[in-house]
Amino acid sequence: APPAIFSVVVCGIASLLGIIKFKLVPNIVSALLLSNFGKYWCEGTNYALWFVSALLFGFVILFFVLKYTKESDKLAVFITISAICYTILTISHKGQYGGYRHMLYGFLAVSTLRALGGMCVGCAVGQLYKKYANIVQEWIPSLFNKLFINVLEMGSLGYILWWSFCAHKKVNHIYYVYAFTILFVCFLCKKGWLSKLFDKDIWVNLGRYSYSIFVMHAPILTILYQGVWKKNVAFVTAHNYVPIICDLLLILIVGVLTYYFVEKPSF
């Protein structure tokens with residue numbers, strides 16, 4: 001919550017300077033991480049907080065599942081919840097998981113289904129890994145199996161990169177979930193070239209800033225767009241690489257500073 005609250009404060013300051021618009025009540029709800037809690041209620045100036053709010057809802061559900069479900073039943077519960085979430089998204093939302101404001105059947109938010117479905121997939125993988133990790137580790141060492149793992153790693157990462165940077169308007173989003181899950185499992189096994197490359201301290205050190213960077217990226221983009229780039233269209237058109245570089249650098253700098261001066265001290 002503290003980085004989210006800080007991001008809303010930054011938006012409020014920017015509004016006082018006349019850079020962006022700011023509605024008080026939606027921003028208070030967003031700062032409290034309730035804007036997409038169970039359903040879509042409202043949207044604050046920092047539009048990225050819909051994701052954090054949906055995650056908070058997912059964490060609350062998982063808390064009760066972990067606390068009140070027998071250990072032997074947890075895997076089945078996680079698989080059932082994720083299957084329900086993704087089935088509803090795939091059928092009722094026509095395979096497109098975008099539009100977090102969209103409500104299905106009047107009460108199921110796309111954002112909530114995405115968050116809860118993805119978190120339960122992760123928990124299900126964790127349960128399976130605890131059960132079968134030793135068997136998998138014994139199976140991998142042969143040359144053929146190592147090659148197979150590397151193909152899975154490269155193939156799933158390649159699909160994710162294609163998805164991230166290329167047009168895929170008609171493609172069912174469940175394929176992205178499959179690819180990410182495969183890559184996640186491969187990285188747990190730590191036997192392929194990619195998983196070994198990323199199993200280094202440097203990635204852990206960089207990863208610590210990821211939450212603060214995510215929370216702060218939307219306000220920075222909005223402030224720069226409304227306050228600078230929108231007022232200098234001719235310059236942006238002539239030097240379109242400048243906004244991209246400035247946006248990325250400022251997002252990284254503000255994200256790292258938010259980690260050290262807001263997230264870490266409050267934690």
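None of the values given here were measured: they were computed from a predicted structure.

What counts and what doesn't
- Residues numbered from 1 in each chain as written.
- Predicted model: local features only at pLDDT ≥ 70, side-chain atom pairs only at ≥ 80, totals over all residues.
- Heavy atoms only, no water.
- Phe/Tyr/Trp six-rings, centres within 6.5 Å; stacked < 30°, edge-to-face > 60°.
- Buried < 20%, exposed > 50% of the residue type's maximum accessible area, 1.4 Å probe, protein only.
- Lys NZ or Arg CZ within 6 Å of the ring centre and 35° of its normal.
- Helix = DSSP H or I, 4+ residues; strand = E, 2+ residues; numbered from the N terminus.
- Contact = heavy atoms within 4.5 Å.

### Some thoughts on the packing of aromatic side chains
Next up, step 1: Inspection of the entire model under this criterion finds 16 aromatic pairs.
Next up, step 2: Taking the centre distance of 6.3 Å and the plane angle of 70° together, the rings of Trp162 and Trp163 count as edge-to-face.
Next up, step 3: Judged by its relative accessible area of 10%, Trp163 is buried.
Next up, step 4: With centroids separated by 5.0 Å and ring planes inclined at 80°, the aromatic side chains of Tyr259 and Tyr260 adopt a geometry described as edge-to-face.
Next up, step 5: On the basis of relative accessibility, which here comes to 36%, the residue Tyr260 falls in the partly exposed class.
Next up, step 6: Here a set of aromatic residues connected by ring pairs shows up, and it is made of Tyr159, Trp162, Trp163, Tyr176 and Phe180.
Next up, step 7: The ring of Trp41 is capped by Lys39, whose NZ or CZ atom sits 4.7 Å from the centre of that ring.
Next up, step 8: Sitting over the ring of Tyr68, Lys67 keeps its end group 5.8 Å from the ring centre.

### Here we look at the environment of Ala31
Next up, step 1: Mapped onto the elements of the fold, Ala31 is located in helix H2 (residues 24–31).
Next up, step 2: Contacts of Ala31, omitting those with residues within four sequence positions, involve Ala4, Ile5 and Val8.

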